[in-house]
Amino acid sequence: MADEATRRVVSEIPVLKTNLWVQRLKEEYQSLIRYVENNKNADNDWFRLESNKEGTRWFGKCWYIHDLLKYEFDIEFDIPITYPTTAPGIAVPELDGKTAKMYRGGKICLTDHFKPLWARNVPKFGLAHLMALGLGPWLAVEIPDLIQKGVIQHKEKCNQ
């Protein structure tokens, strides 16, 4: 179950109302903008996203701070044809094959925890919810573990 801080963050993300893509895309942008603004105000800025003109392909960067070091990763995902009924699968390509909680191509595993939550909240959940309840928790669990196991290293440590 989600902790109180997570519930508060998610409650501040606007829910979406429509399935029609042109209107839905506007709602997605509004929701993402609000989520990013809220994160910045809480000193918890951790990703950037942009999309192609049609809003069907998304890409950007996410980062995780561990022991005062910033680990930054490219992220990407496509909007499934059955969206919003089906949640997008987020890929972190440079981590492909480095954790068991990942599928081929660097797609993170959202099956057990996030996808059932998404299914219960269609069409209210959108991309901001995907980031807040999908990628964010995945990074919080996986990145420290990968660092501790020595699977990933900070870029500055690699250059020394």
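Residues numbered from 1 in each chain as written. Predicted model: local features only at pLDDT ≥ 70, side-chain atom pairs only at ≥ 80, totals over all residues. Heavy atoms only, no water.

J.: Sorry, what's going on with the UniProt feature "active site" (unreviewed entry) in the chain here?
T.: The sites that carry the UniProt feature "active site" (unreviewed entry) are, in the present numbering, Cys109. Relative to the helices and strands, Cys109 is located in the loop between strand E5 (107-108) and helix H3 (114-120). Setting aside residues up to four positions removed in sequence, Cys109 forms contacts with Lys101, Met102, Tyr103 and Trp138. (UniProt positions renumbered as here; feature names shortened; annotations may be inferred. Helix = DSSP H or I, 4+ residues; strand = E, 2+ residues; numbered from the N terminus. Contact = heavy atoms within 4.5 Å.)

J.: Help me out: how do you make sense of unusual backbone geometry in this one?
T.: Only a minority of non-glycine residues have a phi that is not negative, and only a minority of peptide bonds are not trans. Here the residue pair Tyr83 and Pro84 is connected by a cis peptide bond, since its omega of 10° sits within 30 degrees of zero. Locating Pro84 in the fold gives a position in the loop between strand E3 (69-78) and strand E4 (102-103). With an omega of 0°, the peptide bond between Val122 and Pro123 qualifies as cis. Along the polypeptide, Pro123 turns up in the loop between H3 and helix H4 (127-148). Residue Asp43 is not a glycine yet carries a positive backbone phi of 55°. Topologically, Asp43 is positioned in the loop between helix H2 (21-41) and strand E1 (47-51). Taking relative accessible area as the criterion, Asp43 reaches 74% and is therefore assigned exposed. (Buried < 20%, exposed > 50% of the residue type's maximum accessible area, 1.4 Å probe, protein only.)

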